[in-house]
Amino acid sequence: MSDFGWMLDEKCLMFAARVVNLCRFLDKERKGRNIVDQIMRSGMSIGANFAEAECAISDNDFLAKLYISLKECNETLYWLRLLRKVNDIDDKQFKSMFTDGEEIKKLLVSIIKTKRSNIGQNNS
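Residues numbered from 1 in each chain as written. Predicted model: local features only at pLDDT ≥ 70, side-chain atom pairs only at ≥ 80, totals over all residues. Heavy atoms only, no water.

K.L.:
So what's going on with the overall build of the protein chain? Which residues, and what values?
P.N.:
A tally of regular secondary structure across the protein chain gives four helices and zero strands. Taken from the N to the C terminus, the helices and strands of the protein chain come in the order α-α-α-α. Principal-axis analysis of the C-alpha atoms places the extent of the protein chain at approximately 55 × 25 × 20 Å. For the protein chain, the share of sequence-separated contacts (at least 6 apart) that also reach a separation of at least 24 residues comes to 74%. Of the roughly 7,500 Å² of accessible surface on the protein chain, 51% is carried by carbon and sulfur atoms. (Helix = DSSP H or I, 4+ residues; strand = E, 2+ residues; numbered from the N terminus. Contact = heavy atoms within 4.5 Å. Areas by Shrake-Rupley, 256 points an atom, 1.4 Å probe, with all protein chains shown as cover.)

This is how it looks when you write it as structure tokens:
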């Protein structure tokens, strides 16, 4: 795995840990009961799918896993917005986690665009 890959892998892992801690907090506070399971699954899935992409058997498999990771990231950002909208998390909690999620999303989009471009060049 490249240095960039290790960096993104670590960001995904740290983000997943933050999601787990947020869900523990929400459970303890008895908030967001219906959302906790959803954000837990999507938040942990970002890094898991990125890890799977690193062992892809083809370029198309690699892209498919990255797209799933991107979709899970987008879903997690949605749940964070909803938690903020219903006041289950405060602005500070929201901004910190949302910023981290957006950074991961941008990195995933960048990798996807680069890989798609490289695949297109190799097919020419």
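K.L.:
Please set out the environment of R33 residue by residue, giving values where relevant.
P.N.:
Topologically, R33 is positioned in helix α2 (residues 33-53). Exposure remark for R33: the relative accessible area of 53% places this residue in the exposed category. (Buried < 20%, exposed > 50% of the residue type's maximum accessible area, 1.4 Å probe, protein only.)

K.L.:
Could you give an account of the packing of aromatic side chains, naming the residues involved and the relevant values?
P.N.:
Under the counting rule described, the total for this entry stands at two aromatic pairs. For the pair Y78 and W79, a centre-to-centre distance of 5.1 Å together with 70 degrees between the ring planes defines the contact as edge-to-face. Owing to a relative accessible area of 41%, Y78 belongs among the partly exposed residues under this scheme. Assessed through its relative accessible area of 16%, W79 is described here as buried. The ring of F62 carries the charged tip of K115 above its face, separated from the ring centre by 5.5 Å. (Phe/Tyr/Trp six-rings, centres within 6.5 Å; stacked < 30°, edge-to-face > 60°. Lys NZ or Arg CZ within 6 Å of the ring centre and 35° of its normal.)

K.L.:
Mind laying out the nonpolar core, listing which residues take part and the relevant values?
P.N.:
Judged by nonpolar contacts, the single largest core of 32 residues is most densely connected at L8, L22, I39, L66, L80, I104 and L108. Beyond its immediate sequence surroundings of up to four residues, I104 is in contact with L8, K11, C12, F15, I46 and C73. (Core = buried A, V, L, I, M, F, W, Y, C linked by side-chain atoms within 4.5 Å.)

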